[in-house]
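The primary structure of each chain is shown beneath.
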Amino acid sequence: MKEWTREERYRVLKGPEDIRDLYERTQASPYRQAWHVQPITGLSSDPNGFALHKGTWHLCYQWCPWGAVHGLKYWYHVTSPDLVHWTNAGIGLAADRDYDNRGAHSGSAITRGEDLIFFYTGNHRDEDWTRTPYTCAAVLGEDNRPKKLDAPLFGPRDDHSEHQRDPKVVWNEQKQKFYILLGAQTLDRRGCVLVYESKEPLSGWTFAGELKVPGYEAFGGMWECPYIVNISGRDVLIFSPQYTKLPGRGESTNHNVYLIGHMDYDTLTFTPDGPYRHLDYGFDFYAAQGAAIEPAAYDPDRAILIAWIGLPDNHYPTADEDADWEGSLSLPRELRVKDGKLVQTPIPALESLRDKALAPDGTLPDACELAITAPDGDFEVSLFTREDGTGGMKLSYDAARRVCTVDRRGMANRFNQQVGEVLEIPLDAPLRTLRAFIDRSSTELFLNDGEATFTTHTYPTADEHHYAASAGVTVTGWTLKKAVTDEFVL
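Residues numbered from 1 in each chain as written. Predicted model: local features only at pLDDT ≥ 70, side-chain atom pairs only at ≥ 80, totals over all residues. Heavy atoms only, no water.

## Concerning the overall build of the protein
Then, number 1: Summing up its helical and strand segments, the protein has two helices and 33 strands in all.
Then, number 2: Since a compact globule built from 490 residues should have a radius of gyration of about 23 Å, the 22 Å found for the protein is in line with a globular shape.
Then, number 3: In terms of principal-axis extent, the alpha carbons of the protein reach across some 65 × 55 × 45 Å.
Then, number 4: Each of the 490 residues in the protein was classed as buried or not, and the buried ones make up 60%.
Then, number 5: Excluding contacts between residues fewer than 6 apart, the proportion of contacts in the protein whose partners are at least 24 apart in sequence is 60%.
Then, number 6: On the protein, roughly 18,700 Å² of surface is accessible, and the fraction owed to carbon and sulfur atoms is 47%. (Helix = DSSP H or I, 4+ residues; strand = E, 2+ residues; numbered from the N terminus. Rg over C-alpha atoms; globule rule 2.2 N^0.38 Å. Buried < 20%, exposed > 50% of the residue type's maximum accessible area, 1.4 Å probe, protein only. Contact = heavy atoms within 4.5 Å. Areas by Shrake-Rupley, 256 points an atom, 1.4 Å probe, with all protein chains shown as cover.)

Here it is as structure tokens:
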């Protein structure tokens, strides 16, 4: 993997010709996704600015155009009529102001009347490379390009560390106020959320206080991408704690978790009803963001969520290709609350991608959906095996423990071994159904109709396109049609 200098990582993209050749080389990769949002070149990471506005879905991703490296960040903009078919719209936000001279970092969006408003972190660094994060805004113009405000909404607080970022904007009907939830870190390196409030989305923001979450005062060293949403009358707090190891998660220090409870905006207190749960149990799932939904399409019993398939400190086999690229966003998921926990299911519109039924010969296409029905008791399913059934990524279910174990050590392309290659998925009910959504470099599993999910990058070689299952397991499925245009648009 290439070693990058600061100058290379923070180079400013001046025009299409800077990366046209890199784009062509990226297109030659066998791991370009067929139906997932992915970078046109370089690195994609956090989803940003996710919203439904005037019948169109808008989504951006953090983008470093030069390679699989974290450096100067842009927002790259894609749109969709249905959350399935995505079209590249070009650069959404660039690092072109003094207050964001070293990157337009993560944020969110909100739809208000005729306006779609984006909120982001402007990453400013001075000559000594000292960072100052600003909370900034932009409004989508008639040309489908966001137009930045002349100045930030507000700057950082000096009673917290420089890690203040990822503004998520929510509207509270009862209080008739907008709130910004800002991922932050205290001076003694504890993760937290800063809360700002205003009557108007583009002005008047004042600091309301630090979010109190009883029992989580020392949970992780930084809380990225905080998000509070009400689903069926229950408040859900989703965030990504960093710089900490959690039980059962190997050596990873980056996680995505949620709490269900009650949010009191008068006291800025989120009171959990129970312990945290992992939003996804996979190797590669982070920075999940919920969509802002225009009022005409709002459903109080569900939320729509998407995440980065990746982790901040991980790297993947495509970084070693000639084009040096990596990253993808997850499939969009519907979130509902059932029996005191989140249930996540693929959006129904994904069924429109189903093409041909899978042949019953154990062949595993590049892009497909599998429906797996399990018998009572223990069983195994192996994906990405060789033709003789050996190798691959093994899913083993222990009925006595109600635990499914995912082990990807059998695949030829191994990566991030230092973090771990075996993880468990605990279940409340016996495992009966499993849906697997496979693209050319990712796999997403939905167990028991969304009781638990598991997301991972997978990079099968040419001879790892088969599957095997133990007796009693039924596997059916479909090939999936291409749904991303992947056109070169800046």
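## A short note on unusual backbone geometry
Then, number 1: Phi is positive for tyrosine 243, close to 60 degrees, though the residue is something other than glycine.
Then, number 2: Tracing the sequence through the fold places tyrosine 243 in the loop between strand 14 (234-242) and strand 15 (257-264).
Then, number 3: Of note in the backbone geometry, asparagine 416 takes a positive phi value of approximately 50 degrees without being a glycine.
Then, number 4: Along the chain, the position of asparagine 416 falls in the loop between strand 27 (403-410) and strand 28 (422-426).

## Some details on the side chain of serine 106
Then, number 1: Summarising the element assignment, serine 106 is placed in strand 5 (residues 104-112).
Then, number 2: In this structure the side chain of serine 106 is engaged in a polar contact, spanning 3.2 Å, whose partner is the side chain of asparagine 48.
Then, number 3: Contact partners of serine 106, with chain neighbours within four places excluded, come to Asp46, Asn48, Gln62, Trp75, Tyr120, Thr121, Asp166 and Pro167. (Polar contact = N/O pair within 3.5 Å; in protein donor to acceptor, adjacent residues only side chain to side chain.)

## Observations regarding the pattern of salt bridges
A side chain with one charge can pair with a side chain of the opposite charge if their charged atoms come near.
Then, number 1: Applying the stated criterion to the full structure yields 33 salt bridges.
Then, number 2: Across the pair aspartate 96 and lysine 148 runs a salt bridge whose closest N-O atoms are separated by 2.6 Å. Here aspartate 96, found in the loop between strand 4 (87-93) and strand 5, pairs with lysine 148, found in strand 8 (residues 146-148); they are 52 residues apart in sequence, far enough to count as distant.
Then, number 3: Using a relative accessible area of 52% as the deciding quantity, one classes aspartate 96 as exposed. (Salt bridge = Lys/Arg side-chain N within 4 Å of Asp/Glu carboxyl O.)

## Focus on the nonpolar core
Then, number 1: Within the largest apolar cluster, 52 residues are counted, with the highest numbers of intra-cluster contacts made by Trp35 and Trp63.
Then, number 2: Among the elements of the structure, helix 2 (20-27), strand 1 (43-53), strand 2 (56-64), strand 3 (74-80) and strand 20 (303-308) are those that each provide at least two residues to this core.
Then, number 3: Top element by residues in this core is strand 2. It accounts for five residues.
Then, number 4: Ignoring sequence-local partners within four residues, the contact set of tryptophan 63 consists of Leu13, Ile19, Pro39, Ile40, Thr41, Leu43, Leu72, Lys73, Tyr74, Tyr76, Ile91 and Leu490.
Then, number 5: Among the nonpolar cores identified, the runner-up in size contains 32 residues, and Phe379, Leu423, Leu431 and Leu445 belong to it. (Core = buried A, V, L, I, M, F, W, Y, C linked by side-chain atoms within 4.5 Å.)

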